[in-house]
Amino acid sequence: MKTIDQISFAGKKALVRVDFNVPLDKDYNITDDNRMTAALPTINKILKDGGAVILMSHLGRPKGGPEDKFSLKHLVPHLSDLLGQQVEFADDCIGPEAVEKAGALQSGEVLLLENLRFYKEEEKGDVGFAEKLSKLGDIYVNDAFGTAHRAHASTAVIAQFFPNAKYFGYLMAAELANAEKVLNGAVRPFTAIMGGAKVSDKIELIERLLDKVDSLIIGGGMAYTFAKAQGGKIGKSLVEEDKLGLALELIDKAKSKGVNLLLPTDSIVADNFSNDANTGIAQNNAIEDGWMGLDIGPDSIAEFSKVVEGSKTILWNGPMGVFEMEKFEKGTKAIADAVVKATENGAFSLIGGGDSAAAVAKFNLTDDVSYVSTGGGALLEYMEGKELPGVKAIND
Ligand code: AMP
């Protein structure tokens, strides 16, 4: 793997693609700076070598032109604090100001460019736009795992302009190594925990995991599609009617491959999708009309926790219930606690990004699991066996 450990940046300008797509509140305070802190080791290595750093990122989903609320200038004060030095800012990611500020940058200095997605060329993977960006630095470093599954100008297309000077940053390298460890080096027993809203988003991953895992736990909204497929009554729980056949197929496949497939046997049910709803406990195959399952129930928690605690490798993607609401967070919290316990006993636990990472953060357990990925979609695609454009562009 071509990582930044293989070179010295002394006297060089490194153009580093980071994923600083952080959540901001209405006053532009950063509510979760994980993605920024995750890029610090790479930035610090370049500075320590005596190089200069030019950072480029996207933020939010601008409509193809500048919008103040998506300006990366809002990140400058916090990034300066994190690095312990003033970070320069260019109001545009290409054009005269970017060229001038990048040109004037000295060893040990850091420049942040304005949001790449203020140009629609970024997401289109425009070669001309990528070439303009490439002129700003001597070496290209990709440390943006969260966007590695996109063939955008700054994440993949740009690499062709650095045929002998393109490297993975430390975050990218760690993400890939941890994903590999789980996919191809898992110590047994290996348990995958899948949850979240829809089975349709995760079919490919579930199918692939059936060839790898000892146990597969399915919770969250997607479990009701399985319950209905098996003839259960699920009230007004979430269901994907067009995936009932597929659910039965997955159950059969698990059986034929000797995978221990665990589905919830009971649920916390509610008469409304609200934290103020009336709630109760129901068997998963006997949910009354007018009620919906919004979390796994106590029996499921006990059964799932036992399997998780006995595992040596754990992959978790997707919450067990609507953990954003206090009334329906218990299942996700209990599974998080079980993952932590297993980790304390020597298991390797990889938490997929997105909602699972948010859940682990909500329960203050981020430091108690082995690794929390910064990539939601990117990790899923990697695990499905797809070649990520951002990774391929460096490897080619
Ligand atoms: P995903 O993005 O597919 O991982 O789904 C995450 C979302 O699924 C979270 O926002 C959860 O609130 C939601 N979710 C989990 N369990 C359920 C459920 N039983 N019913 C409805 N939504 C759920």
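Residues numbered from 1 in each chain as written. Predicted model: local features only at pLDDT ≥ 70, side-chain atom pairs only at ≥ 80, totals over all residues. Heavy atoms only, no water.

### Section: the overall build of the protein
- A count of helices and strands for the protein gives 15 helices and 17 strands.
- For a compact globule of 396 residues, the expected C-alpha radius of gyration is about 21 Å, and the protein comes in at 23 Å, within 12% of that figure.
- A principal-axis box enclosing the C-alpha atoms of the protein has dimensions of 70 × 40 × 35 Å.
- For the protein, restricting intrachain contacts to residue pairs at least 6 apart in sequence, the fraction spanning at least 24 positions comes to 73%.
- When the accessible area of the protein is evaluated, it comes to approximately 16,300 Å², of which 48% is carbon and sulfur surface.
- For the protein, the distance from the average site of its 42 positive side-chain charges to the average site of its 57 negative ones is 3 Å. (Helix = DSSP H or I, 4+ residues; strand = E, 2+ residues; numbered from the N terminus. Rg over C-alpha atoms; globule rule 2.2 N^0.38 Å. Contact = heavy atoms within 4.5 Å. Areas by Shrake-Rupley, 256 points an atom, 1.4 Å probe, with all protein chains shown as cover. Lys, Arg positive; Asp, Glu negative; His and termini not counted. Charge placed at Lys NZ, Arg CZ, Asp CG, Glu CD.)

### Topic: the side chain of Thr155
- Locating Thr155 in the fold gives a position in the loop between strand S5 (139–142) and strand S6 (166–168).
- Within the structure, Thr155 has its side chain in polar contact with the backbone oxygen of Arg150 (distance 2.8 Å).
- When sequence neighbours within four positions are dropped, the list of residues in contact with Thr155 reads Arg17, Tyr140, Asn142, Thr147, Arg150 and Gly390. (Polar contact = N/O pair within 3.5 Å; in protein donor to acceptor, adjacent residues only side chain to side chain.)

### Let's talk about the sheet that holds strand S16 (residues 348–351)
- Strand order in the open sheet formed by 6 strands is S10-S8-S7-S15-S16-S17, and the pairing between neighbours is parallel. Strands at the two margins of the open sheet, each flanked by one partner only, are strand S10 (260–262) and strand S17 (371–372).
- Direction of pairing for strand S15 (residues 313–317) relative to S16: parallel, over a ladder of 4 bridges. Pairing of Leu315 across the sheet is with Leu350, part of S16. (Pairing = 2+ DSSP bridges.)

### A word on the domain arrangement of the protein
- Taken domain by domain, the protein holds domain 1 (4–168) and domain 2 (177–383).
- Computed from C-alpha coordinates alone, the two centres of domain 1 and domain 2 are separated by 35 Å.
- Contact with domain 1, which involves 6 residues of that partner, is made by 7 residues of domain 2.
- Around 590 Å² of area is buried between domain 1 and domain 2 when both sides are counted, 65% of it from carbon and sulfur atoms.
- By the criterion of area lost to domain 2, the three top residues of domain 1 are Arg35, Phe145 and His149, representing 73% of everything that side buries.
- For the interface between domain 1 and domain 2, the tally reads 0 salt bridges. (Domains from an automatic or database assignment. Buried area = accessible area lost by both parts, 1.4 Å probe. Salt bridge = Lys/Arg side-chain N within 4 Å of Asp/Glu carboxyl O.)

### Some points on the pairing of strand S8 (residues 215–218)
- Burial along S8 is two-sided: the face carrying Ser215 and Ile217 and the face carrying Leu216 and Ile218 are both buried.
- With helix H8 (residues 203–209) bridging strand S7 (residues 190–194) and the parallel S8, this β-α-β connection has right-handed handedness.
- Relative to S10, S8 is paired through 3 bridges, and the arrangement is parallel. Within the sheet, the bridge partner assigned to Ser215 lies in S10 and is Asn260. (Buried < 20%, exposed > 50% of the residue type's maximum accessible area, 1.4 Å probe, protein only. Right-handed = clockwise from strand over helix to strand, strands pointing away.)

### With respect to the sheet that holds strand S1 (residues 13–17)
- Judged by pairing direction, the sheet is parallel, and its 6 strands sit side by side in the order S3-S4-S2-S1-S5-S6 without closing on themselves. The sheet is open, and its two edges are formed by strand S3 (88–90) and S6, each paired on a single side. The average undirected angle you get between the axes of adjacent strands in this sheet is 25 degrees.
- Of the pairings in the sheet, the one linking S1 to strand S2 (residues 52–56) comprises 5 bridges and is parallel in character. From the neighbouring strand, Leu15 faces S2, where its bridge partner is Ile54. (Axes fitted to C-alpha atoms, helices over the stretch in contact; angles between N-to-C directions.)

### Some points on helix H6 (residues 127–134)
- Within the sequence span of H6, burial applies to Phe129, Ala130, Leu133 and Ser134. The buried residues of H6 occupy an angular sector of 140 degrees when the element is viewed end-on, so they sit on one face.
- In the core, the buried residues of H6 are packed alongside S1, S2 and helix H5 (120–124).
- The backbone nitrogen of Gly128 has a side-chain oxygen 3.1 Å away, supplied by the residue at the start of H6, namely Asp126. (Arc of directions from axis to C-beta.)

### Looking at the site of the ligand
- Taken together, 16 residues are adjacent to the ligand, and Ala197, Lys202, Gly293, Glu324 and Asp355 come closest.
- Between the ligand and Ala197 there is a distance of 3.0 Å, counted from an oxygen atom to a backbone nitrogen or oxygen.
- Asp355 is positioned such that a nitrogen or oxygen atom in its side chain is 3.2 Å from an oxygen atom of the ligand.
- Protein coverage of the free-state accessible area of the ligand, which is 500 Å², stands at 82%.
- In terms of residue class, the shell around the ligand is built from 6 nonpolar, 5 polar and 5 charged. (Near = heavy atom within 4 Å. Nonpolar A, V, L, I, M, F, W, Y, C, P; charged D, E, K, R; others polar.)

### Let's talk about the packing of aromatic side chains
- A complete count under the given rule lists 2 aromatic pairs for this structure.
- On the numbers, 5.3 Å between centres and 35 degrees between planes, the contact of Tyr119 with Phe129 is tilted. Of the two residues, Tyr119 is situated in the loop between strand S4 (110–113) and H5 and Phe129 in helix H6; the sequence distance between them amounts to 10 residues.
- A relative accessible area of 23% means that Tyr119 is categorised as partly exposed.
- Relative to Phe162, the ring of Tyr140 has its centre 5.9 Å away and its plane inclined at 25 degrees; by these criteria the two rings are stacked. Here the residue Tyr140 occupies a position in strand S5, and Phe162 occupies one in the loop between S5 and S6, the gap between them amounting to 22 residues. Note on accessibility: Tyr140 and Phe162 belong to one class, buried. (Phe/Tyr/Trp six-rings, centres within 6.5 Å; stacked < 30°, edge-to-face > 60°.)

### Quick word on the environment of Pro66
- By the element assignment, Pro66 lies in the loop between S2 and helix H3 (76–83).
- Under the relative-accessibility criterion, Pro66 is labelled exposed at 69%.
- In sequence terms Pro66 and Gln6 are 60 residues apart; their C-alpha atoms lie 37 Å from each other.

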